[in-house]
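Single-letter residue listing:
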Amino acid sequence: MAKKRKDDFAREEPRAAAEYYKLKTQAVDDLVNATQENSPPVSERELRKYTSGPRIHLTEWVKITLIKAWFSGMVCFFFLWGLGTYVPSQLDLLFIVGIALGFVTDLMVNPIFRYYAKTPGGNDRWMMFPKKGFVSLPLNVLYAFLLLFLVVTTYSVINAAVLAVTKAQDTIPLGVGPILFGLFATGWDMLLLGAKRLAGRIVGDARKNAGRPRSSRRI
């Protein structure tokens with residue numbers, strides 16, 4: 001009787017394996033041949049459970065602003081703060097920070113914008129000098145000195161205004177920090193980029209108007 005049970009089990013195992021693989025094959029066929037018409041409806045809430053990615057979708061200009069502010073703050077942290085105790089001259093320190101900011105913009109920030117652009121040249125409007133070449137690095141360094149000058153001026157104006165109101169002496173109300181430094185640099189950068197686009201539109205409209213034929217005067 002024990003031998004008979006073993007024979008029954010031996011017959012049932014191949015049968016169960018065949019049914020198992022048959023079931024899996026049918027599932028694969030159903031998946032391959034699935035279309036929108038023969039598939040059961042699935043709610044949007046159910047689909048969200050299987051989608052990956054961040055829940056908060058940021059707009060393009062917010063992402064650009066965060067990237068610019070983060071890298072500018074990084075320059076402030078590593079160079080302005082990091083070298084502050086080793087470079088006694090304030091002018092020399094600002095010179096180093098300006099060069100570092102230009103190099104970071106040309107070698108790190110702008111390549112990130114080019115890489116993540118949805119279309120070729122799609123993020124050029126967020127760069128002062130979008131064309132990559134031998135000239136872009138010195139131009140970005142010069143532009144970084146302009147941004148640095150505007151940031152330093154912003155700090156000076158704010159501190160002078162606070163001191164004028166509070167009548168305090170021998171104090172610096174607003175010190176230089178990576179967060180505010182990055183926000184100030186990004187704010188001026190966005191304003192200058194907006195001025196560049198506005199100037200480009202004005203020049204473009206002027207060229208279009210200059211190219212139109214003048215209407216003949218009636219005598």
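In this report, the structure presented in the accompanying data block is examined. Everything numeric in this text was worked out from a predicted model, so none of it was measured.

### Considerations on the overall build of the chain
- Of regular secondary structure, the chain possesses six helices and zero strands.
- What you see in the chain, going N to C, is helices and strands ordered as α-α-α-α-α-α.
- Counting the 219 residues in the chain, one finds 22% classified as buried.
- Partitioning the contacts of the chain with sequence separation of at least 6, the portion at a separation of at least 24 is 69%.
- Approximately 17200 Å² of the chain is accessible, and the part contributed by carbon and sulfur atoms is 65%.

### Points about the packing of aromatic side chains
- A full pass over the atoms with the stated rule returns seven aromatic pairs.
- Seen in terms of ring centroids, Trp70 and Phe71 are 5.1 Å apart; in terms of plane orientation they differ by 85 degrees. Their pairing is edge-to-face.
- Exposure remark for Trp70: the relative accessible area of 55% places this residue in the exposed category.
- With a relative accessible area of 10%, Phe71 lands in the buried category.
- Plain terms: the ring middles of Tyr115 and Tyr116 are 5.0 Å apart, the flat faces sit at 90 degrees to each other, and that makes the pair edge-to-face.
- A relative accessible area of 65% places Tyr115 in the exposed class.
- Taking the relative accessible area as the measure of exposure, Tyr116 reaches 61% and is therefore exposed.
- Clustering of aromatic rings is evident, with ring pairs tying together Phe77, Phe78 and Trp81.

### Details of the packing of helix α4 (residues 90-115) against helix α5 (residues 136-166)
- Direction vectors running N to C along α4 and α5 enclose 125 degrees, while the axes themselves pass 8 Å from each other. Taken together, the axes of α4 and α5 lie oblique to each other. Two packed elements cross with a definite hand, and for α4 against α5 that hand is right-handed. Where α4 abuts α5, its residues Leu94, Phe95, Val97, Gly98, Ile99, Leu101, Gly102, Phe103, Thr105, Asp106 and Asn110 lie against Ser136, Leu137, Asn140, Val141, Ala144, Phe145, Leu148 and Val152.
- Looking at the contact of α4 with α5 residue by residue, the classes come out as twelve nonpolar, six polar and one charged.

### Some thoughts on the environment of Leu93
- With respect to the helices and strands, the residue Leu93 is situated in helix α4.
- Separated by 13 residues in sequence, Leu93 and Leu80 place their C-alpha atoms 6.9 Å apart.
- Contact partners of Leu93, with chain neighbours within four places excluded, come to Phe79, Leu80, Leu83, Gly84 and Val87.

### What about the layout of surface pockets?
- Approximately 350 Å³ is the volume attributed to the largest pocket.
- In terms of lining, the largest pocket is formed by Glu60, Lys63, Ile64, Ile67, Ile112, Phe113, Tyr116, Ala117, Lys118, Thr119, Gly122 and Asn123.
- Sorting elements by how many residues they give to the lining of the largest pocket places helix α3 (residues 60-81) first, with four residues.
- Residue composition of the lining of the largest pocket, by class: six nonpolar, three polar and three charged.

### Here we look at α3
- Its 22 residues give α3 an end-to-end C-alpha distance of 30 Å, which sits within 8% of 32 Å, the value for a rise of 1.5 Å per residue.
- When we look at burial in α3, the residues that qualify are Ile64, Lys68, Ala69, Phe71, Ser72, Gly73, Met74, Val75, Cys76 and Leu80.
- Those residues of α3 that are buried are in contact with α4 and α6 (178-211).

### Quick notes on the side chain of Asn159
- Inspection of the secondary structure puts Asn159 in helix α5.
- Since its relative accessible area comes to 13%, Asn159 is described here as buried.
- Polar contacts involving the side chain of Asn159 include one to the main-chain amide nitrogen of Leu174, which spans 2.8 Å.
- Those residues in contact with Asn159 that lie beyond four places of it in its chain are Ile172, Pro173 and Leu174.

### A few points about the nonpolar core
- Membership of the largest hydrophobic core comes to 23 residues, with the highest contact counts inside it found for Val75, Leu80, Val97, Val104, Phe113, Val151 and Phe181.
- Elements with a contribution of two residues or more to this core: α3, α4, α5 and α6.
- Broken down by element, the residue count for this core peaks at seven residues, all from α4.
- In contact with Val97, other than residues within four places in its own chain, are Val75, Phe79, Leu80, Leu148 and Phe181.

About the criteria used
Residues numbered from 1 in each chain as written. Predicted model: local features only at pLDDT ≥ 70, side-chain atom pairs only at ≥ 80, totals over all residues. Heavy atoms only, no water. Helix = DSSP H or I, 4+ residues; strand = E, 2+ residues; numbered from the N terminus. Buried < 20%, exposed > 50% of the residue type's maximum accessible area, 1.4 Å probe, protein only. Contact = heavy atoms within 4.5 Å. Areas by Shrake-Rupley, 256 points an atom, 1.4 Å probe, with all protein chains shown as cover. Phe/Tyr/Trp six-rings, centres within 6.5 Å; stacked < 30°, edge-to-face > 60°. Axes fitted to C-alpha atoms, helices over the stretch in contact; angles between N-to-C directions. Parallel < 35°, antiparallel > 145°, perpendicular 65-115°, else oblique. Left-handed = near helix turned anticlockwise from the far one by under 90°. Nonpolar A, V, L, I, M, F, W, Y, C, P; charged D, E, K, R; others polar. 1 Å grid on protein atoms, 1.4 Å probe; cavity = no way out; pocket = protein on both sides within 12 Å on 5 of 7 lines; lining within 4 Å. Points joined across faces, edges and corners; volume = space filled by probe spheres on them. Expected span 1.5 Å × (residues − 1). Polar contact = N/O pair within 3.5 Å; in protein donor to acceptor, adjacent residues only side chain to side chain. Core = buried A, V, L, I, M, F, W, Y, C linked by side-chain atoms within 4.5 Å.

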